[in-house]
There are 2 protein chains.
Amino acid sequence: MALKYSRQRESIKANLMHRTDHPTADMVYDDIRKIYPNISLGTVYRNLGLLSALGEITRLATLTGADRYDGNTRPHSHFVCRKCGCVYDLPNDIPGEIMETVQKGTAHRIEECSLMFYGTCEDCREEGS
Amino acid sequence: MALKYSRQRESIKANLMHRTDHPTADMVYDDIRKIYPNISLGTVYRNLGLLSALGEITRLATLTGADRYDGNTRPHSHFVCRKCGCVYDLPNDIPGEIMETVQKGTAHRIEECSLMFYGTCEDCREEGS
DNA sequence: TTAATAATAGTAACCATTTCTGATATCTAT
DNA sequence: ATAGATATCAGAAATGGTTACTATTATTAA
């Protein structure tokens, strides 16, 4: 099943590359519809799954609702606000270091990692509470 | 809404404390049914949610299917096998250290973290592939 | 022991995601 | 260019995990 070009997939990937808000599939869908009004949500899901299987994007599992997608595949960790649900990048080099450290202490073969931090984001703090 | 004792909740918590396989809600359900044959799956979910809100257990989000629950609330990280889906503890002190480090580099208030490592577990490696 | 109310079982609803189907687009070899 | 071969699509239906609802039962405090 050789891969074939599709303008929908191209558009989905481009959309992810141009944003840093780690959207859900639904958020990508809303955006892509402006260009391809009758693209289907299933197509968005299928291509997000395909792209992450290819390693061109990253899928993030969170404790708060739907999966998120990240067009930035360089190892980095994420912050999820418990209040507004926003997902932010945490610019640091932790994943590489920590994977080495952890690999030394286990017999399982570690291939990737997901470092998620939860709390209250800057904006929500300022709004009080 | 003061908390009231319930033998179902007690049993669910005890079940989690006695196992280290980080079961899904369904796996807990299967076990508890041996004691309370007509407990409902909804009750299991409700109590797992309640217990984790109380901080008595931990909920884990993974990229591979259903959420997992952990009766061990001491900070530690986890390993998920991509092949068999098993979830293992990674005995180390990383969470505390890493949270401090990361907190220094961000304005968001970090309250907790989830460190998930993915790969192939020891058993699956031995079976080849 | 009774009254107040939290928790339950069972079921239905909900949401995110995947699967299915016939039609369409892309690609390969003429 | 054309004609298969087949990957991808849109749309809809199905699935899986989880939550919400309701009438009944269990726990608790007076």
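Look a little higher up for the structure.
Residues numbered from 1 in each chain as written. Chains lettered and ligands numbered in written order. Predicted model: local features only at pLDDT ≥ 70, side-chain atom pairs only at ≥ 80, totals over all residues. Heavy atoms only, no water.

Once that is clear, we can look at the packing of aromatic side chains. All names here are of chain A. By the definition in use, this model includes 2 aromatic pairs over all chains. Where Phe79 meets Tyr88, the ring centres are 6.4 Å apart and the plane angle is 45°; that geometry is what we call tilted. Under the relative-accessibility criterion, Tyr88 is labelled partly exposed at 23%. (Phe/Tyr/Trp six-rings, centres within 6.5 Å; stacked < 30°, edge-to-face > 60°. Buried < 20%, exposed > 50% of the residue type's maximum accessible area, 1.4 Å probe, protein only.)

Residue and element names in this part refer to chain B. Between helix α2 (residues 25-32) and helix α3 (residues 41-53), the least distance of the axes is 9 Å, while the angle of their chain directions is 120°. Judged on the interaxial angle alone, α3 and α2 are oblique. When you trace α2 past α3, the crossing you get is right-handed. Every residue of α3 that contacts α2 at Ala25, Asp26, Val28 and Tyr29 is listed here: Leu41, Val44, Tyr45 and Leu48. For the contact of α2 with α3, a count of residues per class yields 7 nonpolar, no polar and 1 charged. (Axes fitted to C-alpha atoms, helices over the stretch in contact; angles between N-to-C directions. Helix = DSSP H or I, 4+ residues; strand = E, 2+ residues; numbered from the N terminus. Parallel < 35°, antiparallel > 145°, perpendicular 65-115°, else oblique. Left-handed = near helix turned anticlockwise from the far one by under 90°. Contact = heavy atoms within 4.5 Å. Nonpolar A, V, L, I, M, F, W, Y, C, P; charged D, E, K, R; others polar.)

Our next topic: the protein's contact with DNA strand C. The local shell around DNA strand C holds 20 residues, among which Tyr45(A), Lys4(B), Ser6(B), Thr43(B) and Arg46(B) are the closest. When atoms of DNA strand C within 4 Å of the protein are sorted by moiety, sugar and phosphate together comprise 81%. Ser6(B) places a side-chain nitrogen or oxygen 2.7 Å from a phosphate oxygen of DNA strand C. Take Arg9(B): an N or O atom from its side chain is 3.2 Å from a phosphate oxygen of DNA strand C. Among the secondary structure elements, those contributing two or more residues to the surface near DNA strand C are α3 (41-53) of chain A together with α1 (7-17) and α3 of chain B. Its residues assigned to classes, the surface near DNA strand C comprises 8 nonpolar, 6 polar and 6 charged. (Near = heavy atom within 4 Å. Polar contact = N/O pair within 3.5 Å; in protein donor to acceptor, adjacent residues only side chain to side chain.)

On to the protein's contact with DNA strand D, then. The full set close to DNA strand D counts 20 residues, and Lys4(A), Ser6(A), Thr43(A), Arg46(A) and Tyr45(B) are the nearest of them. At the protein interface, 81% of the atoms of DNA strand D within 4 Å belong to sugar or phosphate. Gln8(A) has a polar side-chain atom sitting 2.9 Å from a sugar or linking oxygen of DNA strand D. Separating a base oxygen of DNA strand D from a side-chain N or O atom of Lys4(B) is a distance of 3.1 Å. Of all the secondary structure elements, the ones that give two or more residues to the surface near DNA strand D are α1 (7-17) and α3 of chain A together with α3 of chain B.

The values are spatial; any link to function lies outside them.
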